[in-house]
Amino acid sequence: MAQNTHSFDIVSEINLQEVDNALNQATKEIQQRYELKDSSTELELNKKDKLISINTKDDYSRKQSIDILQTKFIKRGISIKSLKSLRS
């Protein structure tokens, strides 16, 4: 009797164009929000390494920027589980 073996691969790919669009929307909102206007917050996407960098002057601005970015991800159908925090 032949033995049936089954295997499958789970591949999770993120659409980097949607990530870029979410990043652009988040940047616009950050620039328009009153409490974040003077924070000098910058969001950058490194498509090669698949990294998003958030540069800002204080912890409050960082937390608000992350919240805005997560909201934009959700609205564009990108799972926020794909984000992993690396602090430096």
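Residues numbered from 1 in each chain as written. Predicted model: local features only at pLDDT ≥ 70, side-chain atom pairs only at ≥ 80, totals over all residues. Heavy atoms only, no water.

## Here we look at the overall build of the chain
And step 1. On a plain count of helices and strands, the chain comes out with two helices and two strands.
And step 2. If you list the helices and strands of the chain from N to C, you get α-β-β-α.
And step 3. Looking at the 88 residues of the chain, the share that counts as buried comes to 19%.
And step 4. Considering only contacts in the chain between residues 6 or more positions apart, those separated by 24 or more positions represent 51%.
And step 5. Total accessible area on the chain is roughly 7,300 Å²; 46% of this is exposed by carbon and sulfur atoms. (Helix = DSSP H or I, 4+ residues; strand = E, 2+ residues; numbered from the N terminus. Buried < 20%, exposed > 50% of the residue type's maximum accessible area, 1.4 Å probe, protein only. Contact = heavy atoms within 4.5 Å. Areas by Shrake-Rupley, 256 points an atom, 1.4 Å probe, with all protein chains shown as cover.)

## Brief notes about the pattern of salt bridges
And step 1. Under the defined criterion, the tally for this structure stands at six salt bridges.
And step 2. The closest approach of N and O atoms between glutamate 18 and arginine 76, which form a salt bridge, is 2.6 Å. With glutamate 18 in helix 1 (residues 16-32) and arginine 76 in the segment after helix 2 (59-75), this pair connects stretches of sequence that are 58 residues apart.
And step 3. Two residues, arginine 62 and aspartate 59, come together in a salt bridge whose shortest N-O distance is 2.4 Å. With a gap of three residues between them, arginine 62 and aspartate 59 both fall in helix 2, about one helical turn apart.
And step 4. One continuous salt-bridge network, built from bridges that share partners, spans Glu29, Arg33, Glu35 and Lys72. (Salt bridge = Lys/Arg side-chain N within 4 Å of Asp/Glu carboxyl O.)

## Let's talk about the nonpolar core
And step 1. By size, the foremost hydrophobic cluster in this structure holds 11 residues: Val19, Ala22, Leu23, Ala26, Ile30, Leu36, Leu43, Ile68, Leu69, Phe73 and Ile78.
And step 2. Setting aside chain neighbours within four positions, we find isoleucine 68 in contact with Ala26, Glu29, Ile30, Arg33 and Leu36. (Core = buried A, V, L, I, M, F, W, Y, C linked by side-chain atoms within 4.5 Å.)

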